[in-house]
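Breakdown of the fold
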Amino acid sequence: MSETVYITTPIYYVNDVPHLGHAYTTVAADALARWHRSSGRDVRFITGTDEHGQKIERAASARGERPIELADRVVARFRALWEQLHISHDDFIRTTEPRHEASVQSLWSKMAAAGDIVEGAYEGLYCTGCEAYKTDKDLDAQGRCPDHGTKAELLSEPSYFFKLESYRRRLLDHIAAHPDVILPEARRNKVVADLAAPVGDLSISRTSFSWGVPVPGDDAHVMYVWLDALTNYISVLGWPDGEMYARYWSEDARRIHLIGKDILWFHTVYWPCFLMSAQLPMASTVFVHGWWTIEGRKMSKTLGNVVDPGRVAELYGADALRYFLLREVPFGGDGDFSKDALIHRINSDLANDLGNLANRTLAMTGRWCDGVVPETRTDRMAEWDETFERIDAAMEAVQPHKALDAALAWVRSCNKDIDARAPWAAHKEGRFADRDDCLADTLEGVRRACAVLAPFMPVKMQALADKLGLAEPPAVNDQGEWGAALVGNAVTAGDPLFPRIDPDEAPEITTPAEPEPEYIEYDDFTKVELKVGVVLSAAKVEKADRLLHLKVDVGDTEARSIVAGIAEAYAPEDVVGRRVVVVANLAPRKIRGVPSQGMVLASGTGGADLQLVCPDGDPPPGTTVK
Ligand code: MSP
């Protein structure tokens, strides 16, 4: 068994703020990484963000931002969420970093040197949501993408192509020889079935926009965003150089990508074929998980049921959320998220079973043994060994729900054991040795649960370790002789580990739908004084790429000075002499030190996408617009 483990999440698009789906993959990857670390393996765990492509460029322009500004803002949200959820990644890769861009260009050059990249032209239906070309069979009768509900656009452009088809047989042979490369099995079968038909060549560059990594030697093209994004898994290790790459992407290391089912084809067909072309090893496992619905419905902004994991963590605790996500649903299948299910899990597994076991045992030790863990003449080692084997096997198979199921079965069995041995009765009857055996065995049972649960609930298990008088949760691979680590320790019950939640008092967890539009009265509208203006002069505002300084005649005795954010759409000479519509009674202010005495109206999303609103005909300056 290899002792080096490399674990990745997908890198997340920055056109949207993080939601439950993102948190799911990341929490699963984190628990796995922590498990392997705690088992003594050499682990590297990576996450990051996917920042190029038309989708991001458009999202930024719709907000009047540059793509990098949007990315910086959203990346900060991802980083903050990962901190809040105790994600222990070793590195965070952004596809806009120079280290990544250089690596992607090297991969391109290697593929080109292998003779696998050819020039051509592409015409096809493109879904920007998926950042992928579609065939008719991928779309509904109206030509819409089923995942995004938007119409695919007909694109025609020069493009470089990767000879994907020429690797299809080799890929099928590789999958047949290494069935673990795609897990669970049902996903592998789907990929293998889809690979029965030719896959054609893959368009890997675009010329219709520029927000991407330039193709080496041909700046007119930027690289296809999936080629760019997939390379993150090795760029973050420093490929083509680097000790990290040699250590974690070697044939000897376990290289595990965790992904959601929607990005299966990219990871199990494109990525291995790119790697084959560049003569690099492939991942050892792509593990595919399912999707969460929210109370039975697809998560969507319009439905107003998007779950913000940060808010759930704030209200119910990060560890409770981590536990719920990984326990509730078999990893690989789809699941449904609801407040009721979350509360039920917290109350039954964490408050009733685990919390209660710890609290009552610690309290009895406090009461009868002065809070000092007694010696035991008995043990529950055989049952523990069996439990641990189940948990370990589940984690090896990337089945965290099975690991948690086994860990909680152990907790329940400890509760049963203490009920059967009734230390309270032993105490009453003066059988103090029996009482102490039971308390010490149960505390040891709690300690072992603490070890295997720490990768899932790191903060709560640290709190439990504190109660047990331990510096930290025990490592999963080093649990020692039964009872030895605790005997003589001073322990404290303190506050309950997981307080019960009253379902009737529990706050909502979904982000409400966008609010209804707010209407204004006619009188409000008449407050806005709109006038026709004629632009007399225009000049760029220094150090402000988006601003033009205009002098506009709006019928006053003097021309107005107006600063307008239209410089990305209009050159100064293009606006001089034009009739525009001006908000004439806007309170004057200074913008970048230049006085602005009004506002020029324009339509569009901002940046380069702005069109001046101009009156029909030639009304004289100062004419009222109403
Ligand atoms: N940027 C690409 C991945 C590139 S990896 C080289 C991407 N990003 S994403 O932000 O759209 O999605 C990332 C992950 O979130 C995917 O694994 C996806 O399956 C997961 N999820 C998005 N919504 C989800 C649910 N509702 N439920 C579970 N996971 C979901 O794709």
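Residues numbered from 1 in each chain as written. Predicted model: local features only at pLDDT ≥ 70, side-chain atom pairs only at ≥ 80, totals over all residues. Heavy atoms only, no water.

Description of the overall build of the chain
Assigned secondary structure in the chain consists of 20 helices and 28 strands. Counting every position in the chain, which comprises 626 residues, the buried fraction comes to 53%. Contacts spanning at least 24 positions in sequence make up 75% of the contacts within the chain whose residues lie at least 6 apart. Summing over all exposed atoms, the chain offers an accessible surface of approximately 27,600 Å²; the carbon and sulfur share of this is 51%. Across the chain, the 68 positively charged side chains and the 94 negatively charged ones have centroids separated by 1 Å. (Helix = DSSP H or I, 4+ residues; strand = E, 2+ residues; numbered from the N terminus. Buried < 20%, exposed > 50% of the residue type's maximum accessible area, 1.4 Å probe, protein only. Contact = heavy atoms within 4.5 Å. Areas by Shrake-Rupley, 256 points an atom, 1.4 Å probe, with all protein chains shown as cover. Lys, Arg positive; Asp, Glu negative; His and termini not counted. Charge placed at Lys NZ, Arg CZ, Asp CG, Glu CD.)

Focus: the packing of aromatic side chains
Applying the stated rule across the entire model yields 27 aromatic pairs. Seen from their ring centres, W384 and F388 are 6.1 Å apart, and the 40° between their planes marks the pair as tilted. One end of the pair is W384 and the other is F388, both in helix α14 (residues 381-396) and four residues apart, which spans about a single turn. Members of the aromatic cluster, joined through ring pairs, are Y24, F287, W292, F324, F331 and F337. Here R79 stacks its cationic end above the ring of F92, 4.2 Å away from the centre of that ring. One Lys or Arg, R255, reaches over the ring of W249 and ends 5.7 Å from the middle of that ring. (Phe/Tyr/Trp six-rings, centres within 6.5 Å; stacked < 30°, edge-to-face > 60°. Lys NZ or Arg CZ within 6 Å of the ring centre and 35° of its normal.)

Structural notes on the site of the ligand
As a matter of local geometry, the ligand sits amid 23 residues, with I11, D50, G260, D262 and W292 nearest to it. Interatomic distance of 2.9 Å between a backbone N/O atom of G260 and an oxygen atom of the ligand. Note that an oxygen atom of the ligand is positioned 2.5 Å from one of the side-chain N or O atoms of D262. A total of three residues in the shell around the ligand trace back to one element, the largest contributor, which is helix α7 (residues 225-230). Across the shell around the ligand, the residue classes tally to 13 nonpolar, eight polar and two charged. (Near = heavy atom within 4 Å. Polar contact = N/O pair within 3.5 Å; in protein donor to acceptor, adjacent residues only side chain to side chain. Nonpolar A, V, L, I, M, F, W, Y, C, P; charged D, E, K, R; others polar.)

Thoughts on the state of the cysteines
Per the counting criterion, the structure on display carries zero disulfides. For the unlinked cysteine C273, the closest cysteine sulfur is that of C130, found at 20 Å. Note on C438: no disulfide assigned, nearest cysteine sulfur contributed by C414 at a separation of 9.8 Å. Overall, the relative accessible area of 1% leaves C438 in the buried class. (Disulfide = S-S within 2.5 Å.)

Remarks on the pairing of strand β4 (residues 91-94)
Across the two faces of β4 the burial is the same, with D91 and I93 and F92 and R94 all buried. As defined by bridge partners, strand β3 (residues 42-50) adjoins β4 across four bridges and the pair is classed as parallel. What sits directly across from T47, in β4, is F92. (Pairing = 2+ DSSP bridges.)

A word on helix α1 (residues 20-38)
Every α-helical turn comprises 3.6 residues, leaving residues that sit three or four positions apart pointing alike. Taking 1.5 Å of rise per residue, 19 residues should cover 27 Å, and α1 covers 26 Å from first to last C-alpha, within 8% of that figure. Most of α1 is tucked away: 16 of the 19 residues are buried. Just past α1, the residue G40 takes up positive phi, approximately 90°. (Expected span 1.5 Å × (residues − 1).)

As far as function goes, none of this settles anything; it's purely spatial.
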